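Next come the chains, spelled out residue by residue.
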Amino acid sequence: FVSKKNSKKGSKQDSVYIAALLIQRWYRQYVARLEMRRRCTWNIFQSIEYAGEQDQIKLYNFFGFLMDHFTPASSERNLISHIFRENEICRDTDWERYFCYKSIEVPESYTGPHLTFPMTFCGVSKLVEAFKHKQQLHARYVLQILGETWRLLRILPNINYVSICHNQEITICGDLHGQFEDLLLIFYKNGLPSSEKPYVFNGDFVDRGKNSLEILLILFGFLLVYPNDVHLNRGNHEDHIVNLRYGFTKEILGKYRVHGKKILKLLQKIFSWLPLATVIDNKVLIVHGGISDMTDLNVIARVDRHKVREDCKMNKSDSDSDSEPEGKETDEREWKQIVDLLWSDPMPQNGCIPNEVRGGGCYFGPDVTEEVLERHNLQLLIRSHECKQDGYEFCHNRKVLTIFSASNYYEVGSNRGAYIRMGCDLVPHFIQYQASRTCRELTLRQRYAAKTSDITFKSLRETLFVHKSDLISAFKEFDPNNTGMISLRHWASATENILNLGLPWRVLRSQLVNSTKYGMVDYQQWIRELSITEPKLEISDASILDTMYKNHSNLETIFRIIDTDHSGSISFEEFRQTWKLLSSHLKTEISDEAIADLAQSIDFNKDGSIDINEFMEAFRLVDLSAHT
């Protein structure tokens, strides 16, 4: 009897043990699947983001090519010459007059904060509170802050050298990208900047988020109050051409319809004067992007940072002869060093290669890090520029540290933000956070589920849809008998060849392809199942639509450049010039008749001009799956 009892007891224990093993195995598989989904989502967002940056750099290089190679009388050159030149405003005295705020009255009906100058800690604190409560600062005060900031930045060096006092810490923040909630949370957790609490903000304050100007005004305010304790490095998004594409220009013009043009012009000037690097205790180098095998801090310290781009782009085009102007090669080397600081990324392999993914800067390996740090007697490189899931990441034997302060950057739950506290021992300590309260309340499962939400695949479906003609042509190469069917392997291969996003397409198949038959994809049906519809434009040349959708960001950038007075409207002739610029950039022919046909179709209100709303409506793609 006892033996039977023990046998049953042992059998029961075995069952519990086996059940525990099965649950454990299921949980591990579940976590592995979640991690795979997270990585796929992350790769989608990052690939689309970097592809956009690559297009932006190519477009900018194209403008530079026009300035270098087209004759002074060229209409294309004249059209974009104001990108690299300040035109009618040249001398500092002219800038002072142009941005004079004294004639701008603050009406009695204004309910926002009133500022006094010189700025004080109380004044900036009041500004923080006002922005927290969604108040808007009057244009007079905006121009006043920007004018004072410009005057201060002009006397700062290219590289700020900072010392940490005993029993003091310095705080280092990465990209904020217009996400005001993140800045507020940093100040809440860490305290406001002061002489006892110095800060370094490592660039990319603007674009993507909706409160870029508020972030700039607060940072500039604290810089004015504590010029020795608040340090601002320039990022790759502190650039007026990049701002045309990624939202900051639109934000300014939306908030300040009367004085927005002046504000943008002054910000363009300020961005060119932002310092390029910060060095802490002669041991820690802080730059926005990274370094290259050419990086020389002695050269960077001597660069005339506010006009190196203009010199580099304008020297050859301003020369009366075809010979290379004196100093042009030096200017280009200096500009290359600045581009490397703003755009570069680390890579695990040794060496230094062009950053083909972003289109600018380079990829630098551990050997480059070792050599540059050793040559300048440094021990650590702190950079930003890349979103990291935990808000920070070490690489290169812990000699390179990435810090990223914009939480929920791709979507809610995608990443934490972080900042660094560093004392006189120069050991970095990390503080992580998630600015969205809704995200903090999510469970683990909900948080990971959010990462594969519709937002992710909506962006990817739109990218696929705008390349539909190229995709169908690529699919047909694997379908010589015109069956309309190709294998899943060929579908994945052709899709990657067209988009070059570096994504695991076969893994993503279940999210993108509704059905397959015997491992085959009906590619015509698949294009239809992307569930994207486009505006009904009545034009005779359908090929121009493909060009329009694939290059809508470049077109919008050129539109905003041609709209020199920021009125939000361009004439039919300027629209034709926009397309001629794009066709030169793409090395393709687009007839005047096709352009005129498109202009007539986009001009919805038939007033003989095209405003930005009509222009953007023509590009609006509707995801039908979101409405079913």
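Keep in mind that what you see is a predicted model, and the values were worked out from it rather than measured.

K.L.:
It is not clear to me how the overall build of the chain should be interpreted in this structure. Could you clarify?
P.N.:
Along the chain, the regular secondary structure elements total 26 helices and 20 strands. Each of the 628 residues in the chain was classed as buried or not, and the buried ones make up 54%. Across the chain, the fraction of contacts at a sequence separation of at least 24, relative to all contacts at a separation of at least 6, is 72%. When the accessible surface of the chain is totalled, it reaches about 29400 Å², and 50% of it is carbon and sulfur.

K.L.:
Just to check I follow, could you spell out the packing of aromatic side chains for this structure?
P.N.:
The geometry of an aromatic ring pair comes down to the distance between the two centres and the angle between the two planes. Inspection of the entire model under this criterion finds 17 aromatic pairs. Seen from their ring centres, Phe-475 and Trp-526 are 5.9 Å apart, and the 65° between their planes marks the pair as edge-to-face. Taken together, the positions of Phe-475 in helix H18 (residues 468-477) and Trp-526 in helix H21 (residues 523-529) put the pair 51 residues apart, joining distant regions of the chain. Take Phe-475 and Trp-526: they sit in the same class, and that class is buried. Ring pairs connect the aromatic residues Phe-121, Phe-187, Tyr-199, Phe-201, Phe-222 and Tyr-226, which therefore count as one cluster. The ring of Trp-150 is capped by Arg-154, whose NZ or CZ atom sits 4.5 Å from the centre of that ring. The positively charged end of Arg-398 is found above the aromatic ring belonging to Phe-394, 3.9 Å away from the centroid.

K.L.:
Just checking my understanding: could you explain the packing of helix H5 (residues 139-153) against helix H10 (residues 260-273) for this structure?
P.N.:
Any two packed helices are characterised by the angle at which their axes cross and by the distance between the axes. Between H5 and H10, the shortest axis-to-axis distance is 10 Å and the interhelical angle comes to 20°. With respect to their mutual orientation, H5 and H10 come out roughly parallel. Once H5 is placed against H10, the crossing between them reads as left-handed. Each of Val-142, Leu-143, Leu-146, Gly-147, Thr-149, Trp-150 and Leu-153 in H5 lies in contact with H10, whose residues at this interface are Lys-262, Ile-263, Leu-266, Leu-267, Lys-269, Ile-270 and Trp-273. Taken together, the residues that form the contact of H5 with H10 break down as 10 nonpolar, two polar and two charged.

Cut-offs and rules
By convention here, each chain's residues receive numbers from 1 onward along its written sequence. Per-residue local features of the predicted model are confined to residues with pLDDT of at least 70, and side-chain atom pairs are confined, for both listing and counting, to 80 or more; whole-chain, interface and lining totals are unaffected and use all residues. Values reported for side chains reflect all heavy atoms of the structure, with hydrogen atoms and water molecules removed beforehand. Helix and strand definitions follow DSSP, with helices as H or I runs of at least four residues and strands as E runs of at least two, each counted in order from the N terminus. For every residue, the accessible area obtained with a 1.4 Å probe (protein chains only) is divided by the maximum for its type, and the residue is called buried under 20%, exposed over 50%, and partly exposed between those limits. Between two residues, a contact is recorded if the distance between any of their heavy atoms is within 4.5 Å. Method for areas: the Shrake-Rupley scheme with a 1.4 Å probe, in which residue coverage is limited to the protein chains shown. Aromatic contacts are taken between Phe, Tyr and Trp rings whose centres are within 6.5 Å, Trp giving its six-membered ring; a plane angle under 30 degrees counts as stacked, one over 60 as edge-to-face, and the others as tilted. Note on criteria: charge over ring means Lys NZ or Arg CZ within 6 Å of the ring centre, with the direction from the centre no more than 35 degrees off the ring normal. Throughout, an axis means a line fitted to C-alpha atoms (over the contacting stretch in the case of helices), and angles, computed between N-to-C directions, take values from 0 to 180 degrees. We call two directions roughly parallel when the angle between them is under 35 degrees, roughly antiparallel when it is over 145, roughly perpendicular when it lies between 65 and 115, and oblique otherwise. Handedness of each helix crossing follows the sense of rotation of the near helix against the far helix: counterclockwise by less than a right angle gives left-handed, clockwise gives right-handed. Under the grouping applied here, Gly and all other residues not named as nonpolar or charged are polar, the nonpolar ones being Ala, Val, Leu, Ile, Met, Phe, Trp, Tyr, Cys and Pro and the charged ones Asp, Glu, Lys and Arg.

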